[in-house]
Amino acid sequence: MSINSITESESLYNNLEEMSVRQLLEGIHEEDCKVLPAVQKAIPQIEQLVSKVVDRVKKGGRLFYIGAGTSGRLGILDASEIPPTYGVGYNLVIGLIAGGDQAIRKAVESAEDNRELGWQELQAFNISEHDTVVGIAASGRTPYVIGAVAKARENGILTACITNNPGSELAANVDIPIEVVVGPEFVSGSTRMKSGTAQKLVLNMITTTLMIKLDRVKGNRMVNMQLTNQKLVERGTRMIMEELGFDEEKARRLLLLHGSVQKVLEANKAD
């Protein structure tokens, strides 16, 4: 097997159906323990990407994730959680998946074989050289993703990838390849497992660091979160109480009046 086929290589375990539940769980966990060291090795490349994205977003750029299957769903998950968590618009971090929104819940496997489709979908967003495109593919050989990043790069757009194979075609077609090599999956070829976990960790690192550098966090708190449920209202109220020393009634009233912890802090500072 070639060096760039690690995600398709045989599991280190065999006869899984004969294992007890405890043996299966311990085996899965043993493999999961290999993810964190693999992510750590990729931090220099992640740093390079995030540093560039911060500068580009400050100039009006956007961050696009594009993937198929599990990789596409993880990109959409990360993108969809940024607005409510950090109070930014839904057009700042955008996730695209082969097969469209229906593929989020139900697999549209053949869609990933279309090399032109990804770039067409990016163009629908009037993508420009201020934006960044990150292709996500465990194998590093998904045509939908490769075609999108290759065309983006041709058009002067910053590109990166998150993949779990070394030396892939995807990595060769981007400016910043992030290769998180976690080894064979517990179930051979099931990249929704370790590979997916590694991708999620990297995505968390990218957007969390981006939001902190865009001043969407104060201290260690999500002061720009949207007040979409009672739990978040209560959390915001506590933040204001702790930060400004107000009682609960006043903190809650101001939070609901201004709409975010950050706006309350700004208003109080102005006073």
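Residues numbered from 1 in each chain as written. Predicted model: local features only at pLDDT ≥ 70, side-chain atom pairs only at ≥ 80, totals over all residues. Heavy atoms only, no water.

### Points about the overall build of the protein chain
A count of helical and extended segments in the protein chain gives twelve helices and five strands. By its C-alpha atoms, the protein chain is 65 × 50 × 35 Å across when sized along the principal axes. Within the protein chain, the proportion of its 271 residues that are buried is 45%. Residue pairs at least 24 apart in sequence account for 67% of intrachain contacts in the protein chain once pairs closer than 6 positions are excluded. Side chains of the protein chain carry 30 positive and 34 negative charges; the gap between the two charge centres is 6 Å. (Helix = DSSP H or I, 4+ residues; strand = E, 2+ residues; numbered from the N terminus. Buried < 20%, exposed > 50% of the residue type's maximum accessible area, 1.4 Å probe, protein only. Contact = heavy atoms within 4.5 Å. Lys, Arg positive; Asp, Glu negative; His and termini not counted. Charge placed at Lys NZ, Arg CZ, Asp CG, Glu CD.)

### A word on the pairing of strand β3 (residues 132–136)
Most of β3 is tucked away, with five of its five residues classed as buried. Burial along β3 is two-sided: the face carrying Thr-132, Val-134 and Ile-136 and the face carrying Val-133 and Gly-135 are both buried. Relative to β3, strand β1 (residues 63–67) runs parallel, the two being bridged by five bridges. Residue pairing across strands places Leu-63 opposite Thr-132, the latter belonging to β3. Remark: the β3/helix α7 (residues 143–154)/strand β4 (residues 158–163) crossover connection has right-handed handedness. (Pairing = 2+ DSSP bridges. Right-handed = clockwise from strand over helix to strand, strands pointing away.)

### Thoughts on the sheet that holds β4
Taking strand neighbours across the sheet as the criterion, the five strands line up as β2-β1-β3-β4-β5 in an open arrangement whose pairing is parallel. Only two strands of the sheet have a single neighbouring strand rather than two, namely β2 (93–97) and β5 (176–179). Taking the axes of each pair of neighbouring strands and ignoring which way they run, one obtains an average angle of 20° across the sheet. Contacts from helix α4 (residues 69–86) reach β1, β2 and β3, with the element oriented near 155° to β2. (Axes fitted to C-alpha atoms, helices over the stretch in contact; angles between N-to-C directions.)

### Section: the pairing of β5
Along β5, the buried face is formed by Ile-176 and Ile-178; none of Pro-177 and Glu-179, which line the opposite face, is buried. In this sheet, β5 lies alongside β4 in parallel orientation, the contact comprising four bridges. What sits directly across from Ala-160, in β5, is Ile-176.

### Let's talk about the packing of α4 against helix α9 (residues 194–213)
Look at α4 against α9: their axes get within 10 Å of each other, and the N-to-C directions meet at 30°. When the axis of α4 is compared with that of α9, the two are roughly parallel. Crossing angle aside, the handedness with which α4 passes α9 is right-handed. Counted together, Ser-71, Leu-74, Gly-75, Leu-77, Asp-78, Ile-82 and Tyr-86 of α4 and Gly-196, Gln-199, Lys-200, Leu-203, Asn-204, Thr-207, Thr-208 and Met-211 of α9 form the full contact between these two elements. The class makeup of the residues in the contact of α4 with α9 is six nonpolar, seven polar and two charged. (Parallel < 35°, antiparallel > 145°, perpendicular 65-115°, else oblique. Left-handed = near helix turned anticlockwise from the far one by under 90°. Nonpolar A, V, L, I, M, F, W, Y, C, P; charged D, E, K, R; others polar.)

### Describing the packing of aromatic side chains
Tallied over the entire structure, the rule returns two aromatic pairs. With a centroid separation of 4.9 Å and an interplanar angle of 55°, the aromatic rings of Tyr-13 and Phe-186 are classed as tilted. Of the two residues, Tyr-13 is situated in the segment before α1 (21–32) and Phe-186 in the loop between β5 and α9; the sequence distance between them amounts to 173 residues. Here the basic side chain of Lys-250 rests over the ring of Phe-246, its NZ or CZ set 4.1 Å away from the ring centre. (Phe/Tyr/Trp six-rings, centres within 6.5 Å; stacked < 30°, edge-to-face > 60°. Lys NZ or Arg CZ within 6 Å of the ring centre and 35° of its normal.)

### Quick word on α4
Taking 1.5 Å per residue as the helical rise, α4 with its 18 residues ought to reach 26 Å, and the 26 Å between its terminal C-alpha atoms agrees with that figure. Restricting attention to buried positions, one finds in α4 the residues Gly-69, Ser-71, Gly-72, Leu-74, Gly-75, Ile-76, Asp-78, Ala-79, Ile-82, Pro-83 and Tyr-86. Of the residues one or two after α4, Gly-87 is the one with positive phi, at around 70°. (Expected span 1.5 Å × (residues − 1).)

### Considerations on the nonpolar core
Membership of the largest hydrophobic core comes to 35 residues, with the highest contact counts inside it found for Tyr-65, Val-180 and Ile-206. Looking at this core, the elements that each hand over two or more residues are α2 (35–41), α3 (43–58), β1, α4, β3, β4, β5 and α9. (Core = buried A, V, L, I, M, F, W, Y, C linked by side-chain atoms within 4.5 Å.)

### Notes on the pattern of salt bridges
Applying the stated rule across the entire model yields eight salt bridges. Here Arg-62 makes a salt bridge to Asp-131, at a shortest N to O gap of 2.8 Å. With a gap of 69 residues between them, Arg-62 in the loop between α3 and β1 and Asp-131 in the loop between α6 (117–123) and β3 connect regions that are remote in the sequence. Residue class for Arg-62 comes out buried when judged on its relative accessible area of 18%. (Salt bridge = Lys/Arg side-chain N within 4 Å of Asp/Glu carboxyl O.)

### Considering unusual backbone geometry
In this structure, Asn-15 is a non-glycine residue whose phi angle is positive, near 50°. In this structure Asn-15 comes out as partly exposed when scored by relative accessible area, which is 39%. Despite not being glycine, Asp-215 has its phi angle at roughly 65°, a positive value. Of note, Asp-215 is situated in the loop between α9 and α10 (230–244).

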